[in-house]
Amino acid sequence: MADFFAHESSYIDDGAVIGKGTKIWHFCHVMAGAVIGESCNLGQNVVVMPGTRLGANVKVQNNVSIYEGVTLEDDVFCGPSCVFTNVVNPRSHVSRKSEYRKTVVRRGSSIGANATILCGVTLGEYSFIGAGAVVRSDVPAFALMVGVPARRVGWMCQCGVRLQVREGRASCAACGAGYQETDGALRLIDPPRTPG
């Protein structure tokens, strides 16, 4: 007996690997060669293609397709109808399967509803991509990205609260985590005092 839940309307192909405690809801398709970690949650109408990897505790909302070459690390959140790509210049009449580019979404990142992540980029740990943003290049850890094309407008704590940086330092009002900003990058210097 499977140690994960899959709704009866979903398809799980032989050769897919699904971790303990994962829940797969209505009208999903998990293809052979996909690897899904423990305690994940796939909303309705999610497709997980071969050659993809989802870490533990990944939340994928409705209407998301995770294409070959995409890796979602632990604790990633994908908002409704967010979009991943895997080819830069697709044409219906030209096969480009050998040109797939890898996309990596690092631990704890959140991608807002209807955001588009172009292939070949890395989203840094705990980055936060706003709804509708179009990401065309790598994103630093903890960055808050909005717009088309996406640009950094601030920093986010790992608990999901926007940070106010003053004189190169920030402290999260919610969890107490401390950060240092240096040369356009943010790093955690004091762990949260409360769970976050």
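Above this text you will find the structure in question.
Bear in mind the structure is a predicted one, so any value in this text is a computation, not a measurement. (Residues numbered from 1 in each chain as written. Predicted model: local features only at pLDDT ≥ 70, side-chain atom pairs only at ≥ 80, totals over all residues. Heavy atoms only, no water.)

A. Focus on the sheet that holds strand S19 (residues 128–129). The sheet built from ten strands is open, its strands ordered S1-S4-S7-S10-S13-S16-S19-S21-S22-S23 with mixed pairing. Each having just a single partner strand, strand S1 (5–6) and strand S23 (162–163) make up the two edges of the open sheet. Sheet analysis places S19 next to strand S21 (residues 143–146), joined by two bridges and oriented parallel. Opposite Phe128, over in S21, you have Leu144 as the bridge partner. (Pairing = 2+ DSSP bridges. Helix = DSSP H or I, 4+ residues; strand = E, 2+ residues; numbered from the N terminus.)

B. Geometry of the pairing of strand S26 (residues 185–190). Two elements, strand S25 (residues 178–182) and S26, share five bridges in a ladder whose sense is antiparallel. Note on S26: the bridge partner recorded for Thr182 is Ala185. From the end of S25 to the start of S26, which pair antiparallel, there are two residues, and Asp183 there has a positive phi angle of about 50 degrees.

C. Quick peek at the nonpolar core. Grouped together as the largest cluster of nonpolar side chains are 45 residues, with contacts concentrated most on Leu42, Leu72, Phe84, Ile111 and Ile129. Where this core is concerned, the elements lending two or more residues are strand S12 (70–72) and S21. Ignoring anything within four residues of it in the chain, the contact list for Ile129 reads Ser110, Ile111, Gly112, Ala115, Ile117, Leu123, Val135, Val139 and Met145. (Core = buried A, V, L, I, M, F, W, Y, C linked by side-chain atoms within 4.5 Å. Buried < 20%, exposed > 50% of the residue type's maximum accessible area, 1.4 Å probe, protein only. Contact = heavy atoms within 4.5 Å.)

D. Highlighting the sheet that holds strand S2 (residues 11–12). Spatial ordering of the open sheet is given by S2-S5-S8-S11, a layout of four strands whose pairing is parallel. The open sheet has two edge strands, S2 and strand S11 (65–66), and neither has a second partner.

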